[in-house]
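Structural overview
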Amino acid sequence: MENGTVSGWDGPAGSSGVDRRDFVRMCTLAAASVGIGASMAERMAEAAVARKLKPSVIWLHFQECTGCTESLLRTSHPALAELILDLVSLDYHETLFAAAGHQAEDALKKAMKENEGKYVCVIEGAIPEKDGGIYCKIGDRTAVDIVNDVAGKAGAIIAIGSCASWGGIPSADPNPTGAAGAPMVLKGKTVVTIPGCPANPYNFLGTVLQYVTFGTLPDLDDKARPRFAYGRTIHEHCPRRAHFDAGRFVQKFGDEAHRLGYCLYKTGCKGPATHANCSVQHFGEVQDAWPIGIGHPCFGCTEKTLAFRAPLHSTVDIERPTPPDFYPPIKAEHGFVSPVATGVAGVIAGALLGAGFMASKKLGAGEPAEPGPGAKKEG
Ligand code: SF4
């Protein structure tokens, strides 16, 4: 810590201005939201402050709309992109790069060479495998070649968005290019998936923060999604859930029930089978900026079996039909919990639930990171 500013958080231009006190406060807030005591939160905050490493990040783009990057850059308070960009050294990102052609290719090679085995490889977009991968080529190399090369030498791999996680819209039937998600191409490797169309930036933040702070990855489900964000279905914490349990349904768009904000199940809501936290972490820090919040059924964008496959207005089976112990208020008077605190909550939850210890030595110089409680060493 220098001059009250968190080391490694003050960025090349000292832009974020997140000081130690604010950071500890965010950790404590986040801890409260996941039921962890303040002293543990403070210890984790201190560990984060002590870290001085800025891991190199190489961000690859393939078959996609760049919506995940756009979504990340469009957050406002506090500037999430700023926070992430201050946390890491973004050494290659095709959308944000001023460089082009050979200059960009050279930057990629340089970053890989200087940080081999340590950098974080972020993959955005699906990877076409059909016909030798000819449907997506950059610098005369196929996406399959690039992802195998770059991810193969990385310390950690994160697939952001549904396209990179499981194929997304490019893989919709008849999938003419053989589009696949990164885990399908990088068989046998741990690829953290952050599905969503777009992915919620705060889930990405939670994962990156944990890796930067502890050198660990969050606890993951069977689809390699962080449990802190994908452990529950939308239906389980939907603000319209009380209407569902009371049998108050929208029958068609624009009817009285729709105007009253009733449950959207009968208009095709996929919330009962969709694992995500959109209902509690809205987009762009705008209240109700998520599909159900604006009166549209959940599309199931995080689920490979639903998005771009199940007809938009077809109904789904109810995965967890039991009513919750507690209902979010239908017309909530929302107190403000910092979105960053929510991201940090992911860090805390992930660290405490245990995770694969990502061998902090991979991050290079500096003190080894402490594994989160319950974390196990990677072989
Ligand atoms: Fe919410 Fe959809 Fe479940 Fe209705 S069916 S409670 S709108 S998630």
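Summarised in this report is the structure supplied together with it. Everything numeric here is computed off the predicted structure, so don't read it as measured data.

Re the sheet that holds strand β9 (residues 191-194)
- What the 5 strands build is an open sheet, ordered β2-β1-β3-β7-β9; its pairing is parallel. Two strands in the sheet have a free side with no partner beyond their single neighbour: β2 (89-93) and β9. Pairs of neighbouring strands in the sheet enclose a mean axial angle of 20 degrees, with direction left out of account.
- The sheet contact formed by strand β1 (residues 56-61) and strand β3 (residues 120-124) spans 5 bridges and is parallel. Its bridge partner being in β3, Ile58 is matched across the sheet by Cys121.
- Sheet contacts for helix α6 (residues 143-152): β1, β3 and β7 (156-160); angle to β1, the most-contacted strand, approximately 165 degrees.

Some remarks on the site of the ligand
- If you check the shell around the ligand, you find 13 residues, and the closest are His235, Cys238, Cys263, Leu264 and Cys269.
- Of the residues that constitute the shell around the ligand, the class distribution is 9 nonpolar, 2 polar and 2 charged.

Side note on the environment of Leu260
- Note that Leu260 resides in the loop between α12 (256-259) and α13 (339-353).
- Separated by 12 residues in sequence, Leu260 and Arg248 place their C-alpha atoms 9.9 Å apart.

Notes on the side chain of Asn200
- Along the chain, Asn200 falls in the loop between β9 and α9 (201-214).
- Overall, the relative accessible area of 3% leaves Asn200 in the buried class.
- Every residue in contact with Asn200, bar those within four places of it in the chain, is listed here: Gln281, His282 and Phe283.

Notes on the environment of His243
- Within the secondary structure, His243 is located in helix α11 (residues 241-245).
- On the basis of relative accessibility, which here comes to 6%, the residue His243 falls in the buried class.

Some details on the pairing of β7
- Burial analysis of β7 places 5 of its 5 residues in the buried class, the great majority of the element.
- Both faces of β7 are covered, namely the face carrying Ala156, Ile158 and Ile160 and the face carrying Ile157 and Ala159.
- Bridge analysis of β3 against β7 gives 5 bridges, and the strand direction is parallel. By the bridge assignment, Glu124 is partnered in β7 with Ile160.
- Note that β7 and β9 share 4 bridges and pair parallel. Looking at the pairing, Ile158 lines up with Val192 of β9.

Details of helix α5 (residues 101-114)
- The end-to-end C-alpha separation of α5 is 20 Å, in line with the 20 Å expected for 14 residues at 1.5 Å each.
- Turning to α5, its buried residues number three or more, namely Ala104, Glu105, Leu108, Ala111 and Met112. Relative to the axis of α5, the buried residues are bounded by an arc of 130 degrees and lie together on one face. In α5, the exposed positions that point more than 90 degrees away from the buried face belong to His102, Gln103, Lys109, Lys110 and Lys113.

Quick word on the pattern of salt bridges
- Across all of its chains, the model carries 10 salt bridges by this definition.
- Of the charged contacts, one joins Lys153 and Asp149 as a salt bridge, the two residues approaching to 2.7 Å between their closest N and O atoms.
- Classification of Lys153 by relative accessible area gives partly exposed; the value is 31%.
- Residue Arg225 pairs with Asp221 through a salt bridge whose shortest N-O separation is 2.8 Å. Of the two residues examined, Arg225 and Asp221, each falls in the buried class.

Comments concerning the nonpolar core
- Phe204 and Ile292 are the most contacted members of the largest nonpolar core, which has 34 residues in total.
- Of all the elements in the fold, those that place two or more residues in this core are β1, α3 (67-73), β3, β7, β9, α9 and α10 (227-230).
- In terms of residues, this core owes the most to one element, α9, which gives 4 residues.
- Counting residues domain by domain, this core receives three or more from each of domain 1 (56-199 + 214-230) and domain 2 (232-330).
- Among the nonpolar cores identified, the runner-up in size contains 28 residues, and Ala104, Cys136, Ala143 and Leu186 belong to it.

The rules behind each value
- Residues numbered from 1 in each chain as written.
- Predicted model: local features only at pLDDT ≥ 70, side-chain atom pairs only at ≥ 80, totals over all residues.
- Heavy atoms only, no water.
- Pairing = 2+ DSSP bridges.
- Helix = DSSP H or I, 4+ residues; strand = E, 2+ residues; numbered from the N terminus.
- Axes fitted to C-alpha atoms, helices over the stretch in contact; angles between N-to-C directions.
- Contact = heavy atoms within 4.5 Å.
- Near = heavy atom within 4 Å.
- Nonpolar A, V, L, I, M, F, W, Y, C, P; charged D, E, K, R; others polar.
- Buried < 20%, exposed > 50% of the residue type's maximum accessible area, 1.4 Å probe, protein only.
- Expected span 1.5 Å × (residues − 1).
- Arc of directions from axis to C-beta.
- Salt bridge = Lys/Arg side-chain N within 4 Å of Asp/Glu carboxyl O.
- Core = buried A, V, L, I, M, F, W, Y, C linked by side-chain atoms within 4.5 Å.
- Domains from an automatic or database assignment.

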